[in-house]
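Notes for the structure review
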Amino acid sequence: MQPATSLSDPRNRKEYTTQATAMTKAFEACQKADRTGLFAHMDSLSVAKDMEAVRQALGEERLSFMANSYGGVAAGAYARLFPHRIRAMYLDGVINQVLGWPDQQLRTYPARERGFTTFTTWCAATPACALHGQDAAAEWRKLTQDADRHPIPVTSSQFGKGKLTGWHLRAIGFMNDPGPDNSGWLAFAEAVAKARRGDGSGFADFVLGNTRTWALPGVMAMSCGDERGYTGYAQLRKARRQSMKISPNFGGGAGMDALACAGWPLKVANPSRPLPARGLPPVLGIGSTWGDYAWTESFTEMIPGSVAVAYEGPGHALYLTKKKCPIRHATAYLTDLTLPKPGTTCPAE
């Protein structure tokens, strides 16, 4: 399976249409090559129906389940279809597709800005940071602005040759999580310093890999049916304007997932729709204030009596990454439906 293209941020309607058309052709070819018939049924609504089939096969009256990350989309679909079949639903850093993808994308920016401020503060106090003694935020913005005007040529041992634009860097170049012993932030600062000198090798593998992965038709077929793509160039332009108001360091560009799914050739099987007004039990959500808490909180707010717990540190899918405080609250809820008090937080571990 080959990527349809190497995704880029369209500068005009023509470039947007050309890229979407390339994705459409790749999707159609992938569907034609699929002998299982599954291509058109990998959306989260289909997953929710499969979950219900499993419940029936097990003879269970209701389900208790955990949803992590993109699993929140299937959780939302199941809640719409079978609200009375849910005993407990634990949401761990989930995407809230119920409110629509543009909403969820905008909710990521404040956390990224807070994380970036934490990074620049750390860098100013850390001699080992390659940007120490400089205005790290200004260096980052200058790098991305210059790269938009003059993309940086790079060669990746994995993905060959390419060019880094400011959009590439803003979209995926910075991660809030500092990593063990701040190794992630040390590497990021070094990559920025080198890129300012015209050497983009510190970003090459990750950026070029992502621009190709998000353009793989077989991969994107698992989520484009969830209304993930832009409806047109006008929606992309609106999203750019909104993101720039929120995030001067990362806003102003297109979402890679939404660009890829803009070429989805089939009818959207799982559009964004409200949850039922009645029938759902209170749920528990936990998310990292460094990233996904805003998504999770927006989901729990839709269901009366639910509680969202803020984990005050970096991380994603906290139960699976063995964070003790989230596991404790999740276990109490899933075993005997005990919810923590509203406003409960978990300290970073």
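Here's what I pulled together on the structure shown here. (Residues numbered from 1 in each chain as written. Predicted model: local features only at pLDDT ≥ 70, side-chain atom pairs only at ≥ 80, totals over all residues. Heavy atoms only, no water.)

**Points about the overall build of the protein chain**
Helices and strands together make up the secondary structure of the protein chain, namely 13 helices and seven strands. Projected onto the principal axes, the alpha-carbon positions of the protein chain cover approximately 65 × 50 × 35 Å. Counting only residues that meet the buried cut, the protein chain has 49% of its 349 residues in that class. A separation threshold of at least 6 residues defines the contact pool for the protein chain, and within that pool the share at least 24 residues apart is 72%. (Helix = DSSP H or I, 4+ residues; strand = E, 2+ residues; numbered from the N terminus. Buried < 20%, exposed > 50% of the residue type's maximum accessible area, 1.4 Å probe, protein only. Contact = heavy atoms within 4.5 Å.)

**Regarding the packing of helix α5 (residues 136–149) against helix α7 (residues 183–196)**
Packed helix pairs are characterised by how far apart their axes lie and by the angle those axes make with each other. Where α5 meets α7, the closest approach of the two axes is 10 Å, and the angle between their N-to-C directions is 50°. Here α5 lies oblique to α7, going by the angle between them. Crossing hand, α5 versus α7: left-handed. Between α5 and α7, the residues in contact are E139, W140, K142, L143 and D146 and F188, V192, A195 and R196, respectively. (Axes fitted to C-alpha atoms, helices over the stretch in contact; angles between N-to-C directions. Parallel < 35°, antiparallel > 145°, perpendicular 65-115°, else oblique. Left-handed = near helix turned anticlockwise from the far one by under 90°.)

**Observations concerning the state of the cysteines**
Per the counting criterion, the structure on display carries three disulfides. Disulfide pairing places C325 opposite C346 at an S-S distance of 2.0 Å. An S-S torsion of about -70° defines the bridge between C325 and C346 as left-handed. Of the two residues, C325 sits in helix α13 (residues 324–336) while C346 sits in strand β7 (residues 345–347), which places them 21 residues apart along the sequence. Look at C325 and you get buried, because its relative accessible area is 6%. (Disulfide = S-S within 2.5 Å.)

**Thoughts on the sheet that holds strand β1 (residues 63–68)**
Strand order in the open sheet made by the five strands is β1-β2-β5-β6-β7, with parallel pairing throughout. Two strands lie at the open edges of the sheet, namely β1 and β7, each paired on one side alone. Between one strand axis and the next, the sheet turns through 15° on average, direction left out of account. As judged from the three bridges shared by strand β6 (residues 307–312) and β7, these two strands associate in the parallel manner. Looking across to β7, one finds that E312 is bridged to P347. Of the strands in this sheet, β1 and β2 (86–92) are in contact with helix α3 (residues 71–81), which crosses β1 at around 145°. Lying over the sheet, α13 contacts β1, β2, β5 (284–288), β6 and β7, oriented at roughly 170° with respect to β2. (Pairing = 2+ DSSP bridges.)

**Focus: the pattern of salt bridges**
The tally for this structure, following the rule as stated, stands at eleven salt bridges. Between R149 and D146 there is a salt bridge; the shortest N-O distance is 2.6 Å. Taken together, the residues span about one helical turn, with R149 and D146 both in helix α5 at a distance of three residues. Residue class for R149 comes out exposed when judged on its relative accessible area of 53%. Note that D148 is salt-bridged to R170, the shortest N-O span being 2.8 Å. On the criterion of sequence distance, the pair formed by D148 in helix α5 and R170 in helix α6 (residues 166–172) is long-range, its members being 22 residues apart. (Salt bridge = Lys/Arg side-chain N within 4 Å of Asp/Glu carboxyl O.)

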